[in-house]
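If you want the building blocks of each chain, they are given just below.
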Amino acid sequence: MKVAVLSDIHGNYDAFKEVLKKAEQEGVKHLLILGDIVGYYYSPQKILKSLSDWSFDMIKGNHEDILGSLISNPSLRESIRLKYGSGHQYAIDKLDNKTIKSLISLPSKKTVIIEGVSFELNHGTPWDPDEYLYPDTNIEKLKQCNSIVHDFVLMGHTHYSFTYQCEHSIIINPGSVGQSREKGGYAYWALINTEDKSYNVKSTKYDIASLLQEIKNIDPSINYNSKILKRE
C-alpha cells in the first residue's frame, strides 16, 4: 500500500488540496498526519472536510495545543496573533465545538501498523513533541530516534524535510505542507510503499497568490507569514 505522510498543514488549503491531488495520482490509499492542522493560515475547515474523503491517522501538534490554550484563556489572543497570525482564531471561528474538541484531544504520538509495517507518529521527537530535529542535527542525536519496534519513525515540526537510516528504523521528516521553510510555493510531504518499504520526499507546487491576498487582508502586519511563502 502507498501511504502519504503529511505534517504542518497550518490552515493552508491551497497547498493541501494540491498534495491530495498528487497523492491520488500516486495511488496513495492512507494518510499519516503529524499534527499542526491549524495555525498561521485560515482554512482548517476546508482541510478537515477534504480529509473526510480519505482513510487517515492523525496526531496533534503544538499548534493544536496553542488552540486549546487560546480557548481556555482568550486573553492570549493578541499575543498569539502577533507571533503566528490569526490562524488559531480563524479555527475557533470556523470550526464547530465538536471538531475543535476532537483536534485538541488528539494524541501527541501514535503507533500505526499497515500491512505489517510499523509507523511511529510524532510531531517533534519521540520523547518531546515540541523538540526540533533539523536536517543538520548531530548524527548522535538522530541515532537516539532509533526504534527496535518501528520500521519508520515519523516526525514533523521543523518545516524542513529529511530522512535518516538508523540501525533498526528509518527517520522521515516530510517537511511542511502549508508553510515550507525550504522553498516558497511548494508543499513538502513523503510517500512510503509498505510493499518494499521504499520512501521518498515529494514537493508539490501550488499557487500562493490567493493566500498572499488573504494575509494582506487579515494579517497585513505579520510580515513573516507572507515572506516565507515567497522564499527562494
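1. Focus on the sheet that holds strand β8 (residues 170–174)
With respect to topology, 5 strands assemble into an open sheet ordered β4-β5-β6-β8-β7, the strand pairing being mixed. Bordering the open sheet on either side are β4 (109–114) and β7 (161–165), each of which pairs with just one other strand. In this sheet, neighbouring strand axes are inclined to one another by 20° on average, regardless of whether the strands run parallel or antiparallel. In terms of strand pairing, strand β6 (residues 152–154) meets β8 through 3 bridges, oriented parallel. Across the sheet, V153 pairs through a bridge with I171, a residue of β8.

2. A word on the sheet that holds strand β2 (residues 28–33)
In spatial order, the strands read β3-β2-β1-β9-β10; together these 5 strands make up an open sheet with mixed pairing. Either end of the sheet is taken by a strand with one partner, and the two such strands are β3 (56–58) and β10 (198–205). Averaged over all pairs of adjacent strands, the angle between their axes in this sheet comes to 25°, without regard to strand direction. Where β2 meets β3, 3 bridges bridge the pair, whose relative direction is parallel. Among the inter-strand pairings, I33 is bridged to a residue of β3, identified as M58.

Calculation rules
Residues numbered from 1 in each chain as written. Predicted model: local features only at pLDDT ≥ 70, side-chain atom pairs only at ≥ 80, totals over all residues. Heavy atoms only, no water. Pairing = 2+ DSSP bridges. Helix = DSSP H or I, 4+ residues; strand = E, 2+ residues; numbered from the N terminus. Axes fitted to C-alpha atoms, helices over the stretch in contact; angles between N-to-C directions.

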